[in-house]
Every structure is written in C-alpha cells, then in structure tokens.
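Fold and contact review
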Amino acid sequence: MALVSVKDLHKSFGELEVLKGIDLEIEAGEVVSIIGRSGSGKSTLLRCLNQLEQHDWGTIHLADQRLDGTAMSPGELSQNVGMVFQSFNLFPHKTVIENVMLAPLVVKQTPREEARRIAEAVLAKVGMSEKVDAYPAQLSGGQQQRVAIARALAMNPKVLLCDEVTSALDPELVGEVLRVLEDLAREGMTLILVTHEMKFARDVSDRVVFMHQGRIHESGDPQTLFTRPRTPELNQFIASVL
Amino acid sequence: MTDFTLWDIVRNLLLAGRWTVVLSLIAFTGGAVVGLVLTLARMGGLWPVRWLIRLYVDLFQGTPLLMQLFLAYFGAAVLGFDVSAWTAASVALTLFTSAFLCDIWRGCVEAVPSGQWQAARVLGLNYLQSMRHVILPQALRLAVPPTVGFSVQVIKGTALASVIGFVELTKAGTMLNNAAFAPFTIFALVALGYFILCYPLSRYARHLEKKLYGAGIR
Amino acid sequence: MTLDFSTLLPYTDAILEGLVTTVWLTVVTTVAGIALAIVVAYARDGSREGPSGIVSRLLGAYVEVIRNTPFIVQLFFLFFGLPALGVSISATVAALLAMILNLGAYTAEILRAGIDSTLKGQHEAARALGLSRLQSFRHVVLMPAFSRVYPSLISQCIIVMLGSAVVSQISVFDLTYAANFIQSRNFRGFEVYLVVTLIYLLLAVGLRLAFEFVGRRLFAFRQGGSS
C-alpha cells in the first residue's frame with residue numbers, strides 16, 4: 001500500500017466547500033508538487049494531511065494507519081508527518097538549536113545528549129551549523145526557513161509537507177531553500193509541496209498535481225504535464241505563471 | 001451580640017456609599033481639569049515645564065496613594081491650616097487622578113502620527129490651533145477607553161480616604177463591623193458596593209476599547 | 001511651620017524594620033502572584049465548554065471581583081471575614097494572601113493579552129511538531145507572551161508594592177506602619193510621612209530597575225542583528 005493514501009476527501013469551511021473529493025496516493029520516496037491558483041484547495045489538502053484541519057468526509061491513511069482526529073495522537077502524527085510553513089514560524093525566544101531540539105525533547109522524550117546530536121545533524125544537513133546559538137530574529141528569511149526544515153526533520157518524519165515555503169522569501173533567498181529541498185529529494189525523502197516555483201516543480205518532482213476548484217484536475221509526470229496539458233484550465237494556469 | 005438586621009447594615013452602607021460616589025466625582029472631575037492643563041502644558045511647554053510635569057507624574061505614580069493622603073492631611077497642618085478629612089481626601093485624590101490622567105493622555109496625543117502635526121504646521125496652524133483642530137480630536141477617540149478604565153481606579157482609590165477618617169463606604173463598613181461584628185457579611189457587602197460601581201465602568205471601558213481597535217483605528 | 005527631621009533619628013530601627021517587611025512582602029508576592037497568574041491564564045485559555053468551561057468562568061469571576069473592588073476591602077474581608085468562618089489567619093498571612101490574590105488577578109489579565117496576541121502560526125507549528133496544549137503553552141506561548149506584556153507587568157508589580165502600604169491597617173509592621181508608629185510618638189506627622197514616601201519612591205525605582213535587569217536577560221531573543 002502507498003505511504004499516503006487519500007480517498008474521497010471532503011472539507012468545508014462553513015458554506016464554502018474547499019475540497020470536493022480528493023483521491024491521491026503517494027509512494028514512499030516520491031516527490032509530489034501540488035500546484036494551482038490560490039483558493040483551489042491545495043493548502044487545505046496539505047493541512048488535512050497533518051490534521052491541522054480536520055476533514056469532514058473521506059479517509060486518509062498514513063503508513064497503513066488511519067488518520068482520523070483521535071486515531072493518532074499529535075505526538076505520533078508529528079513523527080510521521082513533518083511540516084514547514086510559509087511564514088517559518090520559528091519560536092522567537094529559542095535559539096536555532098533549541099528550536100530544533102524542542103519537539104524531540106518534550107514530545108519524544110529523547111535524552112538531551114541525543115537530542116542535541118540529532119539537532120546538530122539535521123542543522124548540518126540544511127547548512128546551518130554555524131548559527132546554532134543564534135536567535136531567529138538574527139537570521140535572514142532563507143536561514144530561518146532552513147532551520148524550520150531542520151526542526152521538522154528532527155522528528156524523523158516519513159513525509160515532509162511544505163506549504164509555499166519560499167513565498168515569503170526575498171527572491172535572492174529562494175535558491176538556498178530550494179537547494180535544501182532538492183538534497184532531501186535526492187536522499188529519498190517523501191516530499192509533498194504546495195508551490196508556486198514552477199521550475200522547481202518541473203525539475204525536482206516525480207509527479208505534479210494540478211488542483212482546480214477543490215478537485216484534482218490533472219496530474220502526471222512533470223514533463224508531460226507542463227509541455228502537453230490536457231485541460232484548458234491547466235493550460236491557462238501554466239500560461240499565467242510562466 | 002447583634003441587634004443589627006441585614007437591612008440596617010445595607011441601609012447604613014448605602015448612606016455612606018453616597019460619599020464614595022461624591023468623592024469619586026470630585027476627584028475625577030478635578031483630576032480631569034488639572035490633568036488636561038498638565039497634558040497641554042507638557043506637550044507644548046518649554047523643557048523646564050515638561051521636566052517639572054514629568055516629575056509631578058512620576059512622584060504620584062511612584063508613591064503610595066495612602067502616603068499622599070497622609071501628606072495632604074498632615075502637610076496642611078504644618079502649613080497652619082486645619083483641614084478636614086474631606087478637604088485632604090479631595091485634594092490628594094484630585095492630584096493623584098490628575099497625574100495618572102496626564103500620563104494616559106500624553107500617550108494618546110503621542111499616538112497621533114507625527115505627520116498630522118507636520119500637515120497642520122505647513123497649513124500655517126500654530127501650536128494651539130493644531131492641537132485643537134487636528135491632534136486633540138484624534139487623540140480624544142484614543143483617550144476615552146483608558147480614561148473610563150481609570151475612573152475605576154479612582155473609585156477604588158477613594159476607599160483609602162477611610163484611613164484618614166473620611167466616612168465613606170469602607171469606613172462605614174469598619175464602623176458597622178465594630179458595632180455589629182459580622183465581618184464576613186459586612187465586608188462582602190462593602191465589596192459588592194464597589195463592584196456595583198466599578199464593574200459597569202470596567203465593562204464599558206473594554207467595550208469602547210474593542211470598538212476602537214476593532215474598527216482598526218490606530 | 002518649621003520642619004524638623006532630627007526627631008526621626010531615634011526611630012531609624014523602626015523604619016528599617018518596616019522597610020524589610022515591605023520588601024519581603026513584595027518579593028514573595030511578585031513570585032507567587034506571577035505563578036498564580038500563569039496557572040489562571042492557562043486555565044482560562046482552555047475550552048469555554050464542559051467542566052473546564054466552568055473552571056474558566058469561575059476564574060473569570062475571580063479576576064473581575066479583584067479588579068473591581070479596592071485592595072483595602074479585599075484585605076479586610078480576608079483578615080476580619082475569614083476568622084468569622086472559623087479560619088483564623090495572622091495579619092501577615094492575610095496581607096500576603098491578599099497581595100498575591102490581587103497581583104495574580106491583574107497579572108492573569110495582563111498575561112492573557114499577551115497570550116491572545118500569539119500568532120496563529122506559532123500554535124500551528126507547535127501542533128505540527130506534536131506538542132500538547134500544555135507543552136505548547138509552556139514552551140512556545142509563555143515566554144514571548146511575557147516579553148510582549150513585560151512593561152505592564154512591571155507597572156502592576158509596582159502598583160501592588162505601593163498598595164501594600166494598606167497592610168499597615170491590619171497592624172502588619174510594614175513601612176507605613178512604622179510611619180504611623182513614629183507619628184504617634186513624636187507628633188511630627190508631615191516629616192515622617194515625607195521621609196517614608198521618599199523611601200517608597202526609591203523602592204519603586206529600585207523595583208523597576210531590578211525588573212528591567214531581569215528582562216534584558218530573559219528576553220535577549222528580541223534583539224535582532226547579526227550574532
């Protein structure tokens with residue numbers, strides 16, 4: 001069975017139905033980019049995958065375990081699904097390494113020594129070893145986002161969700177974050193990204209999913225999808241962003 | 001032990017409560033007048049004036065109200081006046097209130113963006129004109145919620161006048177207690193009296209604040 | 001109308017004793033009152049329904065009652081009222097209790113403003129990392145909330161210190177009690193109160209400086225720039 005398996009997922013906010021039946025299977029090691037206009041439901045889908053939003057209908061299975069509000073505790077969930085946000089959301093009162101060590105320490109009850117070792121390893125992976133004792137306010141946006149990636153990785157998740165992780169960055173800082181994600185992809189990390197970086201989606205992902213009005217409108221391998229879109233909606237979307 | 005009915009207690013507290021209300025009104029009105037003068041002087045005056053007013057505010061905010069009452073009471077005697085508890089309490093609470101209101105209002109005037117001053121100045125308005133037509137109307141909206149909120153502090157402050165012998169709600173409570181010895185009931189009723197006076201003002205202040213910031217004015 | 005401060009000299013000990021009492025009452029109250037406020041703020045932050053809703057509502061009532069009644073009445077209620085219910089407490093304990101309950105209520109409300117302004121993203125990041133509500137409150141929400149409301153917190157602690165002058169009214173030997181005591185001996189009321197008032201002023205300044213010193217260390221994270 002696939003690592004992530006979503007069946008007939010529905011989600012409404014009040015009267016507004018944002019997800020109108022999503023089916024999606026993602027294998028371990030796959031890199032999937034979700035693209036689409038704002039309001040198409042792509043961020044909501046991502047947020048349902050780690051239960052920041054509770055879905056109304058349908059099922060999500062993660063590594064053969066069903067995700068349904070109470071089926072998995074937040075602690076267990078965070079060891080399966082990591083998330084990186086558009087606005088970094090680093091904890092301002094904690095240094096870089098404290099940000100990364102927090103969840104292993106208090107959620108996983110990892111001994112301090114080991115938590116530190118883990119934190120140093122993931123920070124090295126994102127190229128932030130030099131700044132372990134800095135506070136978030138002392139870092140650039142790109143550096144903060146790399147720390148946020150390290151913070152998610154420290155829980156050793158099976159899947160990493162990335163919600164427009166470069167949208168809040170100055171253009172010159174986008175590259176350093178994308179390079180980290182590329183490295184992760186190459187190492188076999190399962191990545192699900194909501195992104196506006198079309199070049200990245202095309203070059204790095206194994207599969208691109210185009211969402212339109214709460215549904216998966218088209219999906220496939222990036223080359224085919226970008227060069228020969230089958231639907232006018234995708235065609236239009238590609239034309240508008242390229 | 002007690003010949004006092006609950007109604008006797010309540011009646012006496014209500015009678016004394018009038019003086020709490022009157023003293024609060026005097027302190028608040030007097031304090032607002034003095035406070036306004038101080039605020040205007042502080043915003044526009046020369047540095048020695050500003051410095052003196054700042055000292056005045058810091059002194060009242062940095063010392064106990066109880067001490068201010070004692071000083072008003074005993075200070076007048078040193079100056080040769082034989083003042084009543086009434087006068088001492090009114091003067092001390094008025095000055096206390098003026099210092100806090102001056103501080104609150106200065107904050108509100110300063111919260112008006114400096115561009116407004118500059119715009120008024122380039123139009124040729126002088127200090128008082130800018131203040132009257134441009135700054136104060138804007139500062140006033142900001143000032144209402146914290147001013148209403150501070151009125152609660154004034155009412156609670158009047159309770160300390162009991163210590164220099166002014167018979168208001170709290171003093172009446174202690175006197176009744178000495179006679180009737182029902183401290184639990186009496187002080188609960190005294191507290192209730194203050195609560196009835198203060199809580200609506202607190203609620204109103206919060207409501208005003210929500211309205212102000214809810215409307216996105218800042 | 002001549003002032004004569006020399007008549008105060010024989011009473012230096014009394015003033016010192018009062019000063020020590022005022023200081024330790026303030027220190028204990030600050031620590032315990034802030035601790036109480038943290039518990040109250042956490043409990044009130046919870047769900048508004050079910051059993052925790054009732055707790056939250058009761059704590060809300062506690063905060064409102066304290067904020068809308070004078071400290072002196074709270075003090076009298078505890079000192080004179082509790083023994084009438086069979087709970088007898090000493091004047092010092094009553095004073096301490098009243099001060100802690102008072103600071104706790106105000107600080108809980110101040111802290112709540114800081115907690116309410118915590119960005120949604122911080123909560124979500126904590127949840128995505130698997131932190132429980134309590135863990136998130138303790139590790140993620142609390143410190144930044146404190147740092148945001150710290151100036152109000154300092155002012156409140158100073159207000160409570162100055163307000164503690166009232167405990168003299170139930171015969172706790174604090175600074176004000178010392179002043180009253182001396183005044184009753186030498187009949188130099190104005191001089192005594194002037195000196196003691198100045199001591200309070202110095203205490204207020206000292207307390208503010210101490211808080212600012214601690215704050216600079218506690219909230220070093222707020223300073224940006226390169227490391």
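Since this is a predicted model, take the numbers as computed values, not measurements. Residue numbers run consecutively from 1 along every chain, following the written order of its sequence. Chains and ligands are labelled sequentially in the order written, the chains with letters from A and the ligands with numbers from 1. The predicted origin of the model limits local features to residues at a pLDDT of at least 70 and limits the giving and counting of side-chain atom pairs to 80 or more, whereas totals for whole chains, interfaces and linings rest on all residues.

A look at the sheet that holds strand β3 (residues 31-35) of chain A
The strands that make up a sheet are held in pairs by hydrogen bonds between backbone atoms, and each pair lies either parallel or antiparallel. Residues and elements named next belong to chain A. At least two bridges found by DSSP between two strands is the condition for calling them paired. Helix numbering and strand numbering both begin at the N terminus, where a helix is a DSSP run of H or I of at least 4 residues and a strand a DSSP run of E of at least 2. Overall, mixed pairing links the six strands, which are arranged β6-β7-β8-β3-β9-β10 in an open sheet. In this open sheet, the two strands that pair with only one neighbour each are β6 (81-84) and β10 (215-220). With direction set aside, neighbouring strand axes in the sheet form an average angle of 20 degrees. In terms of strand pairing, strand β7 (residues 159-163) meets strand β8 (residues 190-194) through five bridges, oriented parallel. Looking at the pairing, V159 lines up with T190 of β8. Helix α1 (residues 42-49) contacts β3, β6, β7, β8 and β9 (207-212) of the sheet and is inclined by roughly 145 degrees relative to β8. Two residues qualify as a contact pair if the distance between their C-beta atoms, derived from the backbone, is within 7 Å. Note on geometry: axes are C-alpha line fits, over the in-contact stretch for helices, and angles between N-to-C directions span 0 to 180 degrees. Those strands touched by helix α6 (residues 171-186) are β3, β7 and β8, and its axis lies near 145 degrees from that of β8.

Description of the UniProt feature "domain: ABC transmembrane type-1" (unreviewed entry) in chain B
When the UniProt feature table is mapped onto this chain numbering, "domain: ABC transmembrane type-1" (unreviewed entry) sits at residues 17-205 of chain B. Within the segment residues 17-205 of chain B, helix and strand shares are 85% and 0% respectively, and the terminal C-alpha atoms sit 22 Å apart. UniProt positions are given in the numbering used here, feature names are shortened, and annotations may be inferred rather than shown by experiment.

Some details on the interface of chain A and chain C
With 24 residues of chain A in contact, the opposing surface of chain C contributes 23 residues. Counting residues per element, the ones that place at least two in the side of chain A that touches chain C are α2 (74-80) and α3 (96-106) of chain A. Per-element accounting of the side of chain A that touches chain C gives the leading share, five residues, to α2 of chain A. Here the side of chain A that touches chain C is composed, by residue class, of 15 nonpolar, eight polar and one charged. Gly is put with the polar residues, along with every residue not named as nonpolar or charged; the nonpolar set is Ala, Val, Leu, Ile, Met, Phe, Trp, Tyr, Cys and Pro, and the charged set is Asp, Glu, Lys and Arg.

Topic: the interface of chain C and chain B
Each partner contributes to the interface: chain C provides 31 residues, whereas chain B provides 32 residues. Mapped onto the side of chain C that touches chain B, the elements with two or more residues apiece are α2 (50-67), α3 (71-84), α6 (133-163) and α8 (189-218) of chain C.

Observations regarding the sheet that holds strand β5 (residues 65-66) of chain A
All names here are of chain A. A sheet is described by the order of its strands in space; here four strands give the open sequence β2-β1-β4-β5, paired in antiparallel fashion. Only two strands of the sheet have a single partner each, and these edge strands are β2 (16-26) and β5. By the bridge criterion, eight bridges tie strand β1 (residues 4-13) to β2 in an arrangement that is antiparallel. Across the sheet, S12 pairs through a bridge with E17, a residue of β2.

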